[in-house]
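# Report on the structure
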Amino acid sequence: MNLELLGWNSFFAKNFDSYSRQGYTVGRVVQEQKNTYILYTEFGEISAEVTGKMRHRAGGRTDFPAVGDWVVISIINDEERAAIHEILPRKSKFSRKIAGAKTDEQIIATNIDRVFLVSGLDGDFNIRRIERYLILVWESGANPVIILNKADLCDNVEEIGLEVEAIACGVPIIVLSAIANQGIEALIPYLGIGQTVALVGSSGVGKSTIVNQLAEENIQAVQSVRQTDSRGRHTTTHRELIILPSGGLLIDTPGMREIQIWNGNDGFQETFTDINTLANQCCFRNCQHEKEPGCAVQKALLDGTLDERRFQNYQKLQNELKYMARKQDQKAYLSEKEKWKKIHKAMRNNPKR
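Residues numbered from 1 in each chain as written. Predicted model: local features only at pLDDT ≥ 70, side-chain atom pairs only at ≥ 80, totals over all residues. Heavy atoms only, no water.

Looking now at the pattern of salt bridges. One pass over the full model with this rule turns up 12 salt bridges. For Arg-128, the salt bridge is made with Glu-131, and the minimal N-O distance between the two is 2.9 Å. A residue pair is termed a helical-turn pair when its members lie 3 or 4 positions apart in one helix, as Arg-128 and Glu-131 do in helix α3 (residues 127-140) at three residues. Considered together, Arg-128 and Glu-131 belong to a single accessibility category, that of buried residues. Through salt bridges that share partners, Arg-128, Glu-131, Asp-274 and Arg-310 make up one connected network. (Salt bridge = Lys/Arg side-chain N within 4 Å of Asp/Glu carboxyl O. Helix = DSSP H or I, 4+ residues; strand = E, 2+ residues; numbered from the N terminus. Buried < 20%, exposed > 50% of the residue type's maximum accessible area, 1.4 Å probe, protein only.)

Have a look at this one:
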């Protein structure tokens, strides 16, 4: 396989240079299985496992390869298997907090150029959910493209389009009906040779149908959504990198029922540029946008130029980010404390060292 067709570029080549001189080669993670990874390499598709050294050195799940990663490998048994030694620095990383109570990061996809954020124009449409997704996308380092699918089920497409445009200034918005194969061609310019796009969205928004249309074959199974609430079941059960006829690379992801933000200060600022611009016009630097005199945000709320629901979501997500930052700081502190505890114990057991 030609590595450039898989997204290889000067950024990765520069970081791989020292490994190349040592005789290693590279592969891109296509799929993550239980204890193995499927890679695309210059030798074709091969199965690989991380080395014991890499496994021992890993401090957490994010230190293991994810779909989209470029990894440093050595070939075993005449190019049939490979050992993964390192992960090359990531150009971008789309991640979220894992579902549940644990404070851990879950990487969805790496080294992506764009994220197709899919929302269904049916009973499950939620503008506040799009804002939450946008924070994750901007934080990843990739550029968002909003896809409003199921246009065939919506009577007020233009009105909803304007509503989305108001909260996603400058972000491309594409309206289509994947099941009717209408509007799919508008996605092709973003899927040029070597370009990597991650497809994200909640269950039932039609991601699998979009994948099948772009791949020009039925790669993913398609399930109907419940008529009562327009919610779907998980059709895609794992993340996978797919090479498209256009030459682009698409990472399909399972639907997310929980969109918990891992960290997103930059993404938050980018998503709420309008409110942040207003906040900079307040008379007081530490304005809480409540009853302070000269508050530009409250003025915008009163004259209707700022939507009350958007501002409420702004406050909610801001508090969520602060809470997550505190949880991460606490986890980092406990992890560091545990590390030094082990070091001191080892020193006591080996006093001559």
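The next thing to look at is the packing of α3 against helix α4 (residues 157-167). It is the contact of α3 with α4, at a shortest axis distance of 10 Å, that shows an interaxial angle of 35 degrees. The chirality of how α3 crosses α4 is right-handed. Contacts between α3 and α4 involve Ile-127, Arg-128, Ile-130, Glu-131 and Leu-134 from the former and Glu-163, Val-164 and Ile-167 from the latter. Residues belonging to the contact of α3 with α4 are distributed by class as follows: five nonpolar, no polar and three charged. (Axes fitted to C-alpha atoms, helices over the stretch in contact; angles between N-to-C directions. Left-handed = near helix turned anticlockwise from the far one by under 90°. Contact = heavy atoms within 4.5 Å. Nonpolar A, V, L, I, M, F, W, Y, C, P; charged D, E, K, R; others polar.)

As for its position among the elements, Arg-61 is in the loop between α2 (52-57) and β4 (70-76). Accessibility expressed as a relative area gives 42% for Arg-61, which makes it partly exposed. Sequence-wise, Arg-61 and Ile-107 are 46 residues apart; in three dimensions their C-alpha atoms are separated by 8.6 Å. Not counting the four nearest positions on each side in its chain, Arg-61 is found in contact with Glu-32 and Tyr-37.

For the rest of this paragraph, the subject is helix α1 (residues 10-21). The α-helix winds at 3.6 residues per turn, so residues separated by three or four positions along the chain end up facing the same way. Taking 1.5 Å of rise per residue, the 12 residues of α1 would be expected to cover 16 Å, and the 16 Å separating its terminal C-alpha atoms lies within 8% of that figure. For α1, the N-terminal capping position is held by Asn-9, with its side-chain oxygen 3.0 Å away from the main-chain nitrogen of Phe-11. (Expected span 1.5 Å × (residues − 1). Polar contact = N/O pair within 3.5 Å; in protein donor to acceptor, adjacent residues only side chain to side chain.)

To continue, consider the side chain of Asp-69. Mapped onto the elements, Asp-69 comes out in the loop between α2 and β4. Overall, the relative accessible area of 0% leaves Asp-69 in the buried class. Each residue touching Asp-69, except ones within four places of it in the same chain, is listed here: Gly-27, Arg-28, Val-29, Phe-64, Ile-87, Arg-90, Thr-110 and Asn-111.

By convention here, two paired aromatic rings are described through the distance between centres and the angle between planes. According to the stated counting rule, one finds 12 aromatic pairs in the structure shown. Arranged with centres 6.4 Å apart and planes meeting at 25 degrees, the rings of Phe-16 and Tyr-19 form a pair that is stacked. Of this pair, Phe-16 and Tyr-19 both sit in helix α1, three residues apart, roughly one helical turn. A residue is classified by how much of its surface remains accessible, and Phe-16, at 9% relative accessible area, is buried. Taking the relative accessible area as the measure of exposure, Tyr-19 reaches 22% and is therefore partly exposed. Both rings, one in Phe-272 and one in Tyr-314, keep their centres 5.4 Å apart while their planes meet at 75 degrees; by these two values the pair is edge-to-face. Of this pair, Phe-272 sits in the loop between α6 (265-271) and α7 (273-279) while Tyr-314 sits in helix α9 (residues 308-349); the two residues are 42 residues apart in sequence, bridging distant segments of the chain. Tyr-314 carries the same exposure label as Phe-272, and that label is buried. Chaining the aromatic ring pairs together yields one cluster made of Trp-8, Phe-11, Phe-12, Phe-16, Tyr-19, Tyr-24 and Trp-70. (Phe/Tyr/Trp six-rings, centres within 6.5 Å; stacked < 30°, edge-to-face > 60°.)

Attention now goes to the pairing of strand β12 (residues 240-243). Where β12 meets strand β13 (residues 249-252), four bridges bridge the pair, whose relative direction is antiparallel. What sits directly across from Glu-240, in β13, is Asp-252. Where β12 hands over to β13, the hairpin turn is made up of five residues, of which Gly-247 adopts a positive phi near 100 degrees. (Pairing = 2+ DSSP bridges.)

Of note, Asn-111 is a non-glycine position whose phi angle comes to about 55 degrees, a positive value. For Asn-111, the location among the structural elements is in the loop between β7 (105-110) and β8 (114-120). We classify Asn-111 as buried; its relative accessible area is 2%. One non-glycine residue with positive phi stands out, namely Glu-216, at about 60 degrees.

Moving on: the side chain of Arg-310. Within the secondary structure, Arg-310 is located in helix α9. Using a relative accessible area of 4% as the deciding quantity, one classes Arg-310 as buried. A distance of 2.5 Å separates the side chain of Arg-310 from the side chain of Glu-131, its partner in a polar contact. Setting aside residues no more than four positions away along its own chain, Arg-310 makes contact with Arg-128, Glu-131, Ile-167, Thr-271, Phe-272, Asp-274 and Ile-275.

On to the environment of Ala-48, then. Its location among the elements puts Ala-48 in strand β3 (residues 44-50). A C-alpha to C-alpha distance of 9.0 Å links Ala-48 and Glu-80, two positions 32 residues apart in sequence. Apart from the residues within four sequence positions on either side, Ala-48 is in contact with Thr-36, Tyr-37, Leu-39, Ala-82 and Ile-84.

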